[in-house]
Amino acid sequence: GMQSHLQALLSLYKLFCPEQVTITLPGKMKTYFKNSEGPWKAAIAAVRQRNQGTSPLSQAVFLGTSQPQSRKRKWNAQLVIPASSANTNHLEEDREKNRVYLYSTNESFPVEQLQTFPQLLQNIHCLEFPSQMGSVLTNPLLLHYMNCVKDESIYLRLYYWMGQMLQEECAWCVVDNPYEEEFKSFLGTVYKAECFLQEGFSACEEFLYKTLPLWDGFCCRSEILRLVGWIPLSSYSDIKPYLYDPLAQLFFTSSIYFKCSVLESLKELLQNWLNCNVIQVDSEFSS
């Protein structure tokens, strides 16, 4: 029978392939599918407003979402290590005595007290990552620890947190975004962490693949092109539609400066791939 969700599906087919649907559908029905052209229309309207200043568009659109994200929190609040309530007493004692408190093997060492590399070595067996994984990005000692332990759960926590942050704060999906500088600073922090770890984050890779087709080549240009240099190695057929094609469209319609910036970014990408490949070959040879 003509159930509502089937009518919605048929109406979608009729929109794109009208010759395939010959039956008559009601004019008014509940919307079950979002308009797939929404992100493109928003990107075009944003460019028009930037060039002409006449478009009334003010809604945030990010990959099909039509409502702007709520900003109840403070920017970069997750990049500071929170104090651990369970170890507050120990922290106060340590501050007064001005010494390193050595915990027993069954107790965790509070990461907010971690200040030096010797501390990291002495307590590496009893460290515990903070509840706010974003604070890891600005702490070299925790990045060292992250490189050593290779715990999959750590990367998963950072993956979900970073993916959500990048999606909510994407500067070029919001017209007249007042937080562009904060987003630019956040991208710079992510880039520094990638340089420290000598590998790119998978959440950042997915973000670039999803948003480069909507990018105008102007907003956060240097930060975005630097992040491109840390995309993990993959086959040409996999990376071409998500990386090369969007950059090529901007490359052939932009200034000489942008062209040079893209070439520099791709050179960094190639160097990182070569270094990664050399490390893998060396490790296989030694094993």
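It should be noted that the structure appears before, not after, this text.
Residue positions are given per chain, counted from 1 along the sequence in the order it is written. Given that this is a predicted model, residues contribute local features only at a pLDDT of at least 70 and side-chain atom pairs are listed and counted only at 80 or more, while totals for whole chains, interfaces and linings are drawn from all residues. Side-chain metrics rest on all non-hydrogen atoms present in the structure, leaving aside hydrogens and water.

## Digging into the overall build of the chain
Within the chain, the secondary structure is distributed over 11 helices and zero strands. Each helix corresponds to a stretch of at least 4 residues labelled H or I by DSSP, and each strand to a stretch of at least 2 residues labelled E; elements are numbered beginning at the N terminus. If you list the helices and strands of the chain from N to C, you get α-α-α-α-α-α-α-α-α-α-α. For every residue, the accessible area obtained with a 1.4 Å probe (protein chains only) is divided by the maximum for its type, and the residue is called buried under 20%, exposed over 50%, and partly exposed between those limits. Buried residues in the chain amount to 37% of all 287 residues. Surface exposure here means Shrake-Rupley accessible area, sampled with a 1.4 Å probe, where a residue is shielded only by the protein chains that are shown. Split by element, the accessible area of the chain, about 17,500 Å² in all, is 56% carbon and sulfur.

## Quick notes on the packing of aromatic side chains
Side-chain rings of Phe, Tyr and Trp, where Trp is taken by its six-membered ring, are said to pair if the distance between their centres is within 6.5 Å; with planes under 30 degrees apart they count as stacked, over 60 as edge-to-face, and otherwise as tilted. The tally for this structure, following the rule as stated, stands at eight aromatic pairs. Where Y209 meets Y242, the ring centres are 5.5 Å apart and the plane angle is 35 degrees; that geometry is what we call tilted. In this pair, Y209 is assigned in helix α8 (residues 202–211) and Y242 in helix α10 (residues 236–251), connecting sequence segments 33 residues apart. Overall, Y242 belongs to the partly exposed group, its relative accessible area being 44%. Sitting over the ring of F251, K259 keeps its end group 5.5 Å from the ring centre. The rule is short: NZ of Lys or CZ of Arg within 6 Å of the ring centre and within 35 degrees of the ring normal puts a charge over the ring.

## Digging into the pattern of salt bridges
Once their charged atoms are close, side chains differing in charge can pair, the charge on each being opposite to the other. Take a side-chain nitrogen of Lys or Arg and a carboxyl oxygen of Asp or Glu: if they are within 4 Å of each other, that pair is a salt bridge. Applying the stated criterion to the full structure yields three salt bridges. Note that E181 and K184 form a salt bridge whose closest N and O atoms lie 3.6 Å from each other. Remark: K184 and E181 occur in helix α7 (residues 180–197); sequence separation between them is three residues, near one turn of the helix. Accessibility expressed as a relative area gives 53% for E181, which makes it exposed. Since its relative accessible area comes to 24%, K184 is described here as partly exposed. Between E264 and K267 there is a salt bridge, with the nearest N and O atoms lying 3.5 Å from each other. Of the two residues, E264 and K267 both sit in helix α11 (residues 256–286), three residues apart, roughly one turn of that helix. Here E264 falls in the partly exposed class, since its relative accessible area comes to 38%.

## Focus on α8
The buried count for α8 comes to seven of 10 residues, which makes it a mostly enclosed element. Among all positions in α8, only A203, C204, E205, F207, L208, Y209 and T211 are buried.

## Some points on the nonpolar core
Nonpolar side chains in soluble globular proteins generally cluster together in the buried interior. With 58 residues, the main nonpolar core has L137, M162, W172, F201 and W215 as its most contacted residues. For this core, the elements supplying multiple residues, two or more each, are α5 (140–149), α6 (152–169), α7, α8, α9 (221–228), α10 and α11. Working rule for contacts: check all heavy atoms of both residues, and any pair within 4.5 Å makes them a contact. Excluding anything up to four places from it in sequence, W172 contacts F183, F207, T211, L214, W215, C219 and I224. Only buried Ala, Val, Leu, Ile, Met, Phe, Trp, Tyr and Cys residues count toward a nonpolar core, and they belong to the same one when joined by side-chain atoms within 4.5 Å.

## Section: unusual backbone geometry
Positioned with a positive phi, Q198 is a non-glycine residue whose angle comes to about 60 degrees. With respect to the secondary-structure elements, Q198 resides in the loop between α7 and α8. With relative accessibility at 53%, the residue Q198 sits in the exposed group. Even without glycine at this site, C220 takes up a positive phi of about 55 degrees. With respect to the helices, strands and loops of the structure, C220 is situated in the loop between α8 and α9. With relative accessibility at 2%, the residue C220 sits in the buried group.

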